[in-house]
Amino acid sequence: MERSSEERLCGRWRLACGLHSSGLREVLTWHLLKTIVMGQILSVLICGTAVSCQYLADAGVQTPVLQSFLSYALLLLVYTTVLSTHRGDRSIVQILKTKWWRYLLMGLADVEANYTVVKAYQLTTLTSIQLLDCFVIPVLMLMSWFLLKTRYRPLHFVAVTVCLLGVGAMVGADILAGRDQGSTSDVVLGDGLVLLSAVLYAVSNMCQEVTVKTLSRVEFLGMMGLFGTIISGIQLAALETRAVKELKWNFNISMLFALYALCMFALYSFMPVVVKMTSATAVNLSLLTADLFSLFCGIFLFHYKFFSEPLHQRFRASRET
């Protein structure tokens, strides 16, 4: 009798373990693993752009449009050239005839998003920029809800609320920190530029998702390279001609420009692949690890320090000053 009860108990355990392992196999698929790995590659690339931007800002380089122009020029040389070899309805001439205004708006949003976030490195810190950049997630969810008819669960909205609370806490921390860690004194303006860039990135990412899922990756990148180069080139001539002439080129500055341009080129090349596999919202969620990478870079490369004293003491001290 005892033997049969033990056998039944073992059978139940085997059944439970079998169901558990099969459930894990259904969740931990090769597709999910590949998406996670590619998302982390994108996070490393974003961290590379952030570190190069911070080093350029610390060196006194104030040419955000030039940095963006170089990355768009690489897209133009590669993907627009490939797109120009297409024939028929997929040719670049037909695309410009029928959809030029869409890619113009997409290019404008993307160029200004890059400009505002690179400009922010002259005003606030690397860690603040990377943490505030998560504001793109609730904006993307909101746009997907109304424009793409995507529906989310209550847990998603709880997570968005936590994200927004974190954004508010980060801005408040920058104000209470005495504005002494940024490249200039106007840290709050830098935080505002990051939030603006997050909104523009959300617009660009949502358009990217629609384009790569309904059309093609080469068309998106080719048109982004074409219009991005034109828009950033006009903006470069209007805003940074004097700054570029006064720029003191050396090996380190050249390598930092090259690092930023190559990281951005790789980011633009790989992101549509991951977006097509999942969604723009899912990609931006996986990119949150870039905040952690940037935090480590801020601590070990730029020697940022974080205050451990209670918030009410810092608030009182800030009011006294």
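Residues numbered from 1 in each chain as written. Predicted model: local features only at pLDDT ≥ 70, side-chain atom pairs only at ≥ 80, totals over all residues. Heavy atoms only, no water.

## Topic: the packing of helix H3 (residues 64–83) against helix H4 (residues 92–120)
Alright, step 1. Between H3 and H4, the shortest axis-to-axis distance is 10 Å and the interhelical angle comes to 155°. When the axes of H3 and H4 are compared, the pair comes out roughly antiparallel. The hand of the H3/H4 crossing is right-handed. Facing Pro-64, Val-65, Gln-67, Ser-68, Tyr-72, Thr-80 and Leu-83 of H3, the residues of H4 in contact are Ile-92, Ile-95, Asp-110, Val-111, Asn-114, Tyr-115, Val-118 and Lys-119.
Alright, step 2. Residue composition of the contact of H3 with H4, grouped by class: nine nonpolar, four polar and two charged. (Axes fitted to C-alpha atoms, helices over the stretch in contact; angles between N-to-C directions. Helix = DSSP H or I, 4+ residues; strand = E, 2+ residues; numbered from the N terminus. Parallel < 35°, antiparallel > 145°, perpendicular 65-115°, else oblique. Left-handed = near helix turned anticlockwise from the far one by under 90°. Contact = heavy atoms within 4.5 Å. Nonpolar A, V, L, I, M, F, W, Y, C, P; charged D, E, K, R; others polar.)

## A look at the side chain of Ser-197
Alright, step 1. Structurally, Ser-197 can be placed in helix H8 (residues 187–214).
Alright, step 2. Given the relative accessible area of 0%, Ser-197 is considered buried.
Alright, step 3. Beyond its immediate sequence surroundings of up to four residues, Ser-197 is in contact with Ala-113, Thr-116, Val-117 and Asp-133. (Buried < 20%, exposed > 50% of the residue type's maximum accessible area, 1.4 Å probe, protein only.)

## Some words on the side chain of Ser-43
Alright, step 1. Position of Ser-43 relative to the elements: it lies in helix H2 (residues 30–58).
Alright, step 2. Residue class for Ser-43 comes out buried when judged on its relative accessible area of 0%.
Alright, step 3. Apart from the residues lying within four places of it in its own chain, the contact partners of Ser-43 are Ser-286, Leu-287, Thr-289, Ala-290 and Phe-293.

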